[in-house]
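Take a look at the letters that make up each chain.
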Amino acid sequence: QVQLVESGGGLVQAGGSLRLSCAASGRTFSNFAMGWFRQAPGKERMFVGTSSWNDDTYYSSSVKGRFTISRDNAKNTVYLQMNSLKPEDTAVYYCAAREGLATMTSWEYDYWGQGTQVTVSS
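Here's a quick rundown of the structure. (Residues numbered from 1 in each chain as written. Predicted model: local features only at pLDDT ≥ 70, side-chain atom pairs only at ≥ 80, totals over all residues. Heavy atoms only, no water.)

Things to note about the overall build of the protein
This is how the line gets drawn: Helix and strand assignments follow DSSP, with helices taken as H or I runs no shorter than four residues and strands as E runs no shorter than two, numbered in order from the N terminus. Values of the radius of gyration come from C-alpha atoms, whereas the globule rule sets the reference at 2.2 Å times the count of residues to the power 0.38. Accessible area is worked out with a 1.4 Å probe on protein chains only. A residue is then buried under 20% of its type maximum, exposed over 50%, and partly exposed in between. Residue contacts are defined here by distance: any two heavy atoms, one from each residue, within 4.5 Å place the two residues in contact. Here, Shrake-Rupley sampling with a 1.4 Å probe gives the accessible areas, and only protein chains in the shown set may cover a residue. Two residue types count as positive, namely Lys and Arg, and two as negative, namely Asp and Glu; His and chain ends fall outside the count. All charge positions are set by atom: Lys at NZ, Arg at CZ, Asp at CG, Glu at CD.
Scanning the protein from terminus to terminus reveals zero helices and eleven strands. Overall, the protein shows an N-to-C arrangement of helices and strands of β-β-β-β-β-β-β-β-β-β-β. Its C-alpha atoms give the protein a radius of gyration of 13 Å, within 12% of the compact-globule value 14 Å for 122 residues. Here the C-alpha coordinates of the protein stretch approximately 40 × 25 × 25 Å along the principal axes. In the protein, buried positions account for 44% of the 122 residues. Taking the intrachain contacts of the protein between residues at least 6 apart in sequence as the baseline, contacts between residues at least 24 apart amount to 57%. For the protein, the computed accessible surface area is about 6200 Å², with 48% contributed by carbon and sulfur atoms. In the protein, 11 positive and 10 negative side-chain charges are present, and the distance between their average locations comes to 4 Å.

With respect to the state of the cysteines
Under the convention used in this document: A pair of cysteine sulfur atoms is labelled a disulfide when the two atoms are within 2.5 Å.
As enumerated under the stated definition, the model contains one disulfide in all. Between the sulfur atoms of C22 and its disulfide partner C95 the distance amounts to 1.9 Å. Across the disulfide from C22 to C95, rotation about the S-S bond amounts to roughly 55°, and the bridge is consequently right-handed. Taken as a pair, C22 in strand β3 (residues 18-25) and C95 in strand β9 (residues 91-99) lie far apart in primary sequence, 73 residues in all. For the residue pair C22 and C95, the accessibility class agrees, reading buried in each case.

As for the pairing of strand β11 (residues 116-121)
Regular strands have side chains that alternate between both faces of the sheet. Defined as follows: Between any two strands, pairing holds if DSSP finds at least two bridges.
The two faces of β11 differ: T116, V118 and V120 on one face are buried, but Q117, T119 and S121 on the other face are not. Looking at chain direction, strand β2 (residues 10-13) and β11 are connected through four bridges and run parallel. Bridge pairing in β11 links L11 to T119.

Observations concerning the sheet that holds strand β1 (residues 3-7)
Test applied: Axis lines are fitted to C-alpha atoms, over the contacting stretch for helices. Their N-to-C directions set the angle, which ranges from 0 to 180 degrees.
The four strands are arranged β1-β3-β8-β7 in an open sheet whose pairing can be described as antiparallel. Each of the sheet's edge strands pairs with one partner strand only, and the pair in question is β1 and β7 (67-72). If you compare each strand with its neighbour and ignore which way they point, the axes differ by 15° on average. Pairing between β1 and β3: five bridges, direction antiparallel. Note on β3: the bridge partner recorded for V5 is A23.

A closer look at the environment of V78
Locating V78 in the fold gives a position in strand β8 (residues 77-82). The buried category is assigned to V78, whose relative accessible area is 0%. When the C-alpha positions of V78 and V120 are compared, they lie 22 Å apart, and in sequence the two are 42 residues distant.

As structure tokens, then:
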């Protein structure tokens, strides 16, 4: 089992920045692909980005160039640095983990955090 705990969400003005953290415990973190997803009210959960076990990263077109995923395997933590935030980035952000290759498909992730709210005001 893997436990994931997100933190770092909050309220920020448009154009601002936030850094989300996702702390993992229970298994060897370095073997896992880590994904970030988000869900706005009334909408389905959407892919944001993912980091493979070898630090390859992939992003959705809506966040590419603004968001950056990094991971610290020594701390069992993955980060989502969000810059130039827009009101449409408002959502609950979730991190997820899976063994194997990174993927953009939410149902292929085995473990999920509880989510952290990000609100971007205009």
